[in-house]
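Residue-level structure breakdown
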Amino acid sequence: MKGKSRYSEQNNYLCQMQKKRDHIAESIADYMAMSSEEQGAMIARVMEDQPFLMGFLTDVADEFSDAQHESLVDSVMILLNAFIAAGMPVGLIPGPALEEVIKERTEAYAEADVLMPEVSESPKVFQDLRNLAIVKADLNVDSEQDLANFNLMLDILITSVERMADYEQKQKDSSES
């Protein structure tokens, strides 16, 4: 009976991952269809709801071109919308949790000795958002180090949001049990 339960858990996880991927594509389309005013209003709401994440993103703005930084902000908005569309809550990402992700992802990239999507905990989501940034921020013309920094930053943002969504979903599931 335990084996069946484990299979069921794995199947649910795979279904959630597929739904998340579908929601990412839909969220990209929805976000890109928004007017500048709608995007600005959404960013303002997220700045209130996620002060640590957005503060971190603001603090690193000088390290990226305006287009790259805008792509990182867009990625956060798209990712949050995808989770909302999937019915998965994303609570406040606390500062210590964000710091843990920053340290962990930086070490993972340093140890991998290569900055590729495969290093990401969510390579497909990473690739979708990175592809959007390639088009929007013209990442192909930047230096290799700039691209590496962008990849690392994007992975930190994705991992932070996904871990909080996973934590919130587990809390929701346990309260429903």
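Bear in mind that the values here come from a model prediction, so they are computed numbers and not experimental data. (Residues numbered from 1 in each chain as written. Predicted model: local features only at pLDDT ≥ 70, side-chain atom pairs only at ≥ 80, totals over all residues. Heavy atoms only, no water.)

Here we look at the nonpolar core
- Residues L57, L72, V76 and M77 are the most contacted members of the largest nonpolar core, which totals 42 residues.
- Contributions of two or more residues to this core are made by helix 1 (2-33), helix 2 (36-49), helix 3 (51-59), helix 4 (66-85), helix 5 (95-112), helix 6 (123-137) and helix 7 (144-176).
- Element by element, the count of residues in this core is highest for helix 7, at 10 residues.
- Among residues more than four places away in sequence, those in contact with M77 are Y31, M42, I43, V46 and M54. (Core = buried A, V, L, I, M, F, W, Y, C linked by side-chain atoms within 4.5 Å. Buried < 20%, exposed > 50% of the residue type's maximum accessible area, 1.4 Å probe, protein only. Helix = DSSP H or I, 4+ residues; strand = E, 2+ residues; numbered from the N terminus. Contact = heavy atoms within 4.5 Å.)

Observations regarding the packing of helix 4 against helix 6
- Between helix 4 and helix 6, whose axes approach to 9 Å, the crossing angle comes to 145°. As helix 4 packs across helix 6, the resulting crossing turns out to be right-handed. Residue-level contacts link A67, Q68, E70, S71, D74, S75, I78 and L79 of helix 4 to V125, L129, L132, A133, K136 and A137 of helix 6. (Axes fitted to C-alpha atoms, helices over the stretch in contact; angles between N-to-C directions. Left-handed = near helix turned anticlockwise from the far one by under 90°.)

Re the packing of helix 6 against helix 7
- Between helix 6 and helix 7, whose axes approach to 10 Å, the crossing angle comes to 130°. As the angle between them shows, helix 6 and helix 7 are arranged oblique. Helix 6 and helix 7 meet at a crossing whose hand is right-handed. Contacts between helix 6 and helix 7 involve V125, F126, L129, R130 and A133 on the former and, on the latter, L147, F150, N151, L154, D155, I158 and E162. (Parallel < 35°, antiparallel > 145°, perpendicular 65-115°, else oblique.)

Comments concerning the side chain of S71
- Here S71 is to be found in helix 4.
- The class for S71 is buried, based on a relative accessible area of 3%.
- What S71 contacts, discounting residues up to four positions off in sequence, is A133, K136, A137 and F150.

Some points on the side chain of S27
- Checked against the element boundaries, S27 lands in helix 1.
- For S27, a relative accessible area of 4% translates into the label buried.
- For S27, the residues in contact, after removing those within four places along its chain, are I78, N81 and A82.

Any functional reading would require information that these geometric values do not contain.
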